[in-house]
Amino acid sequence: MRSTFPKDFLFGGAISACQAEGAWNVDGRSLTIPDVVKKIDPAKRKTFLQATITKNDVEEAKTANWKDYPKRWGIDFYHTYKEDIQLMKEMGFRVFRFSIALARVFPDLHIEKPNEKALAYYDDLVDTIVQAGMQPLVTLSHFDPPIAICEKYGGWYHRDMIDIFESYARLLLDRYHDKIKYWLPFNEINAAILAPFKGSAVLNDEENYEEKCWQAAHNQFVAAAKVVKYAHDNYPNCQMGCMVAYCQSYPYSCDPLDVLANDKFDQMTNLTFLDVQSKGKYPYFALHYFKEHSIYLPIEQDSSILLQGTVDWVGYSYYQSMLTADHTEGISSGNGNLKNGLVNPYLKSTEWGWQIDPVGLRILTNRMYDRYQKPLFILENGIGKVEQLNEEKTVNDTYRIDYLRQHLKALKQAIEDGCEVIGYAWWGPIDLISSGTSEMSKRYGFIYVDQDDEGNGTKERFKKESFYAYKEIIETNGENL
Ligand code: BG6
């Protein structure tokens, strides 16, 4: 295959603060939602749907043993970032996606009092990434809402969250605009509907749950649009993006009813979120859905803000695909990222039941380019596996190398089809705590971290075989796949 990836294509990787940093109570950081999510029982992996978090869970976690909450200790990236970033540099990363924690910068959400210790940490982190020759891509909110949001405001459905987030983002844009080009206000913004406790701090025992979830999503759209506009007005070099967890789905059969069910699923799970942020208005089908479900949102009141804050690029995470049917009785269901679907007999799945589908990435990328006509960014892609170090102190992870190559081949084909893609960030280039199951055992990395599910281990880092494979892929600009 000839090289199709543009010369400056942003090969790299992505992590999040709440799965990597640890140091949950260091330098004034406040407690966050992921800090109160326990590890799931590994026996339930394949059937695990989605964690739920209630007010009781939050109360219980405050006095429970902190070691039972893996995201509190992460992989200690807060203290190891310098060495970890050197390893990314060694692989030749051109982009490093990381997130900043609101719970560090404004621990109690008092916007007049930023936490200088936290800012000093992020100053050095950003400098370290830049000095390593990588583009930093920053996510301002990656599944780590401070508990203070629930306690003071109930959740993101409270309008005050818009101003708080805007102040937080302005502070960071003013501080880092000349060092960071790529900005993403919210990780997988459709989590506001798919996993609201982590996306928008709406706990599962809230009354009028569905309406509050959509109100929270709407407030995040408005907040993101204001941030995009502020950046465009003040720092035109900054490239502002949006992102969903793309729940790629196919109709279960050629029965038109299955096709229709699949379209509807796609509209309200994925497209609404990207449409609002890239076109600046809600699509007709979302308006119809809200009317049908008696969901009230101040759409008219906020319409000009949404229209003025449209993004420069469109991003998505892509791990797997699933099937959707009109009638699901008797059809086996499989797992997926944030959303479960039906099993596709043509695909193999991971230990967590996620169905591996490289061709789906090509299909999706074409659809996204056709629909939005904006540069695309693959913000996450990867495979989680249970792994152990072998005697040579490495992991012979051929399955990960295969997954990587196949997905990059599919992406390359999408580029040859004519799609404009600017980057590809592997999820979890260094092993970290799983978002969905809070396990250390679900490893995505090219770098192995010596730590188990209980947090025991030296935390030493070891290069897996895939480390060298990705390095070579980047060196050759994706020519040898
Ligand atoms: C994405 C998240 O949804 O999927 C990441 O943005 C997450 O934070 C990734 O880690 C993989 O999911 P999991 O549950 O395997 O960690």
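Residues numbered from 1 in each chain as written. Predicted model: local features only at pLDDT ≥ 70, side-chain atom pairs only at ≥ 80, totals over all residues. Heavy atoms only, no water.

**Student:** Could you clarify how one ought to interpret the UniProt feature "active site" (unreviewed entry) in the protein in this entry?
**Tutor:** The positions that UniProt labels "active site" (unreviewed entry) are, in the present scheme, Glu 380. Relative to the assigned elements, Glu 380 resides in strand 11 (residues 376-380). Apart from the residues lying within four places of it in its own chain, the contact partners of Glu 380 are Arg 97, His 142, Asn 187, Glu 188, Met 243, Tyr 316, Ser 317, Tyr 318, Tyr 319, Ala 425 and Trp 427. One polar contact links Glu 380 to Arg 97, side chain to side chain, over a distance of 3.0 Å. (UniProt positions renumbered as here; feature names shortened; annotations may be inferred. Helix = DSSP H or I, 4+ residues; strand = E, 2+ residues; numbered from the N terminus. Contact = heavy atoms within 4.5 Å. Polar contact = N/O pair within 3.5 Å; in protein donor to acceptor, adjacent residues only side chain to side chain.)

**Student:** Just checking my understanding: could you explain the pairing of strand 7 (residues 313-317) for this structure?
**Tutor:** In the case of a regular strand, side chains alternate between the two sheet surfaces. Counting buried positions along strand 7 yields 5 of 5 residues, so the element is predominantly enclosed. Both faces of strand 7 are covered, namely the face carrying Trp 313, Gly 315 and Ser 317 and the face carrying Val 314 and Tyr 316. The pairing of strand 5 (residues 239-245) with strand 7 spans 5 bridges and is classified as parallel. Residue pairing across strands places Cys 242 opposite Val 314, the latter belonging to strand 7. Pairing geometry for strand 7 and strand 11, over 4 bridges, is parallel. Bridge assignment links Gly 315 to a residue of strand 11, and that residue is Phe 377. (Buried < 20%, exposed > 50% of the residue type's maximum accessible area, 1.4 Å probe, protein only. Pairing = 2+ DSSP bridges.)

**Student:** Before we go on, may I ask you to explain the pattern of salt bridges in this structure?
**Tutor:** A complete count under the given rule lists 26 salt bridges for this structure. Between Lys 62 and Glu 151 there is a salt bridge; the shortest N-O distance is 2.6 Å. Of this pair, Lys 62 sits in helix 2 (residues 55-63) while Glu 151 is found in helix 6 (residues 147-153), placing the two residues 89 residues apart along the sequence. Glu 151 gets classed as partly exposed once you look at its relative accessible area, which sits at 48%. For Lys 464, the salt bridge goes to Glu 387, with nearest N and O atoms at 2.6 Å. Within this pair, whereas Lys 464 is found in the loop between strand 14 (461-463) and helix 16 (465-475), its partner Glu 387 is found in the loop between strand 11 and helix 15 (398-417), the two being separated by 77 residues in sequence. Accessibility expressed as a relative area gives 0% for Lys 464, which makes it buried. Counted as one network, the salt bridges with shared partners bring together Glu 387, Asp 397, Arg 400, Asp 431, Arg 443 and Lys 464. (Salt bridge = Lys/Arg side-chain N within 4 Å of Asp/Glu carboxyl O.)

**Student:** Whenever I open this one, the sheet that holds strand 5 confuses me. Can you help?
**Tutor:** Strand pairing in a sheet is mediated by backbone hydrogen bonds. Such pairs are either parallel or antiparallel. In space, the 8 strands of this closed barrel follow the order 1-2-3-4-5-7-11-12, with parallel pairing throughout. Strand-to-strand twist in this sheet, taken as the mean axis angle between neighbours without regard to direction, amounts to 25°. Where strand 1 (residues 10-14) and strand 12 (residues 421-427) come together, 5 bridges link them in parallel fashion. Residue pairing in the sheet places Phe 11 in a bridge with Tyr 424 of strand 12. The strands that helix 11 (residues 256-279) touches are strand 5 and strand 7; relative to strand 5, the one it contacts most, it runs at about 170°. (Axes fitted to C-alpha atoms, helices over the stretch in contact; angles between N-to-C directions.)

**Student:** I would appreciate a short explanation of the site of the ligand in the present structure.
**Tutor:** The environment of the ligand is formed by 15 residues, the closest being Gln 19, Glu 188, Ser 435, Gly 436 and Tyr 444. Contact distances for the ligand include 2.7 Å between an oxygen atom and a side-chain N or O atom of Gln 19. Measuring from an oxygen atom of the ligand, one finds a side-chain N or O atom of Tyr 319 at 3.4 Å. Surface burial for the ligand is 98%, taken as the share of its 380 Å² of free accessible area covered by protein chains. Taken together, the residues of the shell around the ligand break down into 5 nonpolar, 7 polar and 3 charged. (Near = heavy atom within 4 Å. Areas by Shrake-Rupley, 256 points an atom, 1.4 Å probe, with all protein chains shown as cover. Nonpolar A, V, L, I, M, F, W, Y, C, P; charged D, E, K, R; others polar.)

**Student:** What should I look at first to understand the nonpolar core in this one?
**Tutor:** Soluble globular proteins tend to bury their nonpolar side chains together. Phe 77, Phe 96, Phe 98, Trp 183, Phe 290, Leu 408 and Tyr 470 are the most contacted members of the largest nonpolar core, which totals 147 residues. Per-element tally for this core: the top contributor is helix 10 (residues 209-234), with 13 residues. Contacts of Phe 77, omitting those with residues within four sequence positions, involve Ile 15, Ala 20, Glu 21, Asp 84, Ile 85, Phe 96, Tyr 121 and Leu 125. Among the nonpolar cores identified, the runner-up in size contains 10 residues, and Phe 143, Ala 195, Cys 247 and Leu 338 belong to it. (Core = buried A, V, L, I, M, F, W, Y, C linked by side-chain atoms within 4.5 Å.)

**Student:** Would you mind going over the packing of aromatic side chains with me for this structure?
**Tutor:** Two descriptors summarise a pair of aromatic rings, namely the distance from one centre to the other and the angle between the planes of the rings. All told, the structure shown has 34 aromatic pairs when counted by the stated rule. Seen from their ring centres, Phe 5 and Phe 11 are 5.2 Å apart, and the 65° between their planes marks the pair as edge-to-face. We classify Phe 5 as buried; its relative accessible area is 4%. Using a relative accessible area of 0% as the deciding quantity, one classes Phe 11 as buried. Ring geometry for Tyr 319 against Trp 354: centres 5.4 Å apart, planes inclined by 80°, an arrangement best described as edge-to-face. (Phe/Tyr/Trp six-rings, centres within 6.5 Å; stacked < 30°, edge-to-face > 60°.)

**Student:** Mind showing me how you'd approach helix 3 (residues 77-91) here?
**Tutor:** Every α-helix carries 3.6 residues per turn, so stepping three or four residues along brings you back to the same face. Taking 1.5 Å per residue as the helical rise, helix 3 with its 15 residues ought to reach 21 Å, whereas the 18 Å between its terminal C-alpha atoms falls clearly short. Maximal helix bending in helix 3 amounts to about 40°, located at Glu 83. Residues of helix 3 that are buried: Phe 77, Tyr 78, Thr 80, Tyr 81, Asp 84, Ile 85, Leu 87, Met 88 and Met 91. Downstream of helix 3 by a residue or two, Gly 92 has a phi angle that is positive, lying close to 90°. (Expected span 1.5 Å × (residues − 1). Bend = angle between axes of the 7 residues up to and from the residue.)

**Student:** What exactly am I supposed to notice about the environment of Thr 272 here?
**Tutor:** Checked against the element boundaries, Thr 272 lands in helix 11. Remark: the alpha-carbon pair of Thr 272 and Tyr 282, spanning 10 residues in sequence, is separated by 6.6 Å.

**Student:** Whenever I open this one, the packing of helix 7 (residues 160-176) against helix 10 confuses me. Can you help?
**Tutor:** What describes two packed helices is the angle between their axes and the distance between those same axes. One way to put it is that helix 7 packs onto helix 10 with a least axis distance of 9 Å and a crossing angle of 30°. On the basis of the axis angle, helix 7 is roughly parallel to helix 10. Once helix 7 is placed against helix 10, the crossing between them reads as right-handed. For the pair helix 7 and helix 10, the contacting residues are Ile 162, Asp 163, Phe 165, Glu 166, Ala 169, Arg 170, Leu 173 and Asp 174 in the first and Asn 219, Val 222, Ala 223, Lys 226, Val 227, Tyr 230 and Ala 231 in the second. Residue composition of the contact of helix 7 with helix 10, grouped by class: 9 nonpolar, 1 polar and 5 charged. (Parallel < 35°, antiparallel > 145°, perpendicular 65-115°, else oblique. Left-handed = near helix turned anticlockwise from the far one by under 90°.)

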